[in-house]
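Read off the chains here:
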Amino acid sequence: MLYAVSMTEHRTQLYLDEAQYRWLKRRSEDAGSIAAVVRELIDTARGASGTAEDDPFLRYLLIEAPGRGPSDTTVETLDEDLYSQ
């Protein structure tokens, strides 16, 4: 079976003790795979919601595209433009 990975994904390997593996295996019954459980745990620990709206920097880059805002952004005003509400 051929597995395609996008350029932004990384393949990794980790070693688990027996209890860790059994726990992940039980959780994977609902999630579909151990990899899906690990990704979900990482996202939860990061507090990731999966949307750019929750991250000021991503919101700025993806939603409020640079150069299209109400005022010009410069190096001097970047922090204020990104993080002030």
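Okay, so let's go over this structure.

Scoring rules and cut-offs
Residues numbered from 1 in each chain as written. Predicted model: local features only at pLDDT ≥ 70, side-chain atom pairs only at ≥ 80, totals over all residues. Heavy atoms only, no water. Helix = DSSP H or I, 4+ residues; strand = E, 2+ residues; numbered from the N terminus. Buried < 20%, exposed > 50% of the residue type's maximum accessible area, 1.4 Å probe, protein only. Contact = heavy atoms within 4.5 Å. Salt bridge = Lys/Arg side-chain N within 4 Å of Asp/Glu carboxyl O.

## Section: the overall build of the protein chain
- When you go through the protein chain residue by residue, the secondary structure sums to four helices and zero strands.
- Reading the protein chain from its N end, one meets helices and strands in the order α-α-α-α.
- Relative to its full complement of 85 residues, the protein chain shows a buried share of 9%.
- Put simply, 14% of the contacts in the protein chain that link residues at least 6 apart link residues at least 24 apart.

## Some remarks on the pattern of salt bridges
- Using the criterion set out here, one finds two salt bridges in the structure.
- In this structure, the salt-bridge partner of Arg22 is Glu18, at a minimum N-O distance of 3.9 Å. Remark: Glu18 and Arg22 occur in helix α1 (residues 18-31); sequence separation between them is four residues, near one turn of the helix.
- Judged by relative accessible area, which is 43%, Arg22 ranks as partly exposed.
- With a shortest N-O distance of 3.5 Å, Glu40 and Arg27 are connected by a salt bridge.

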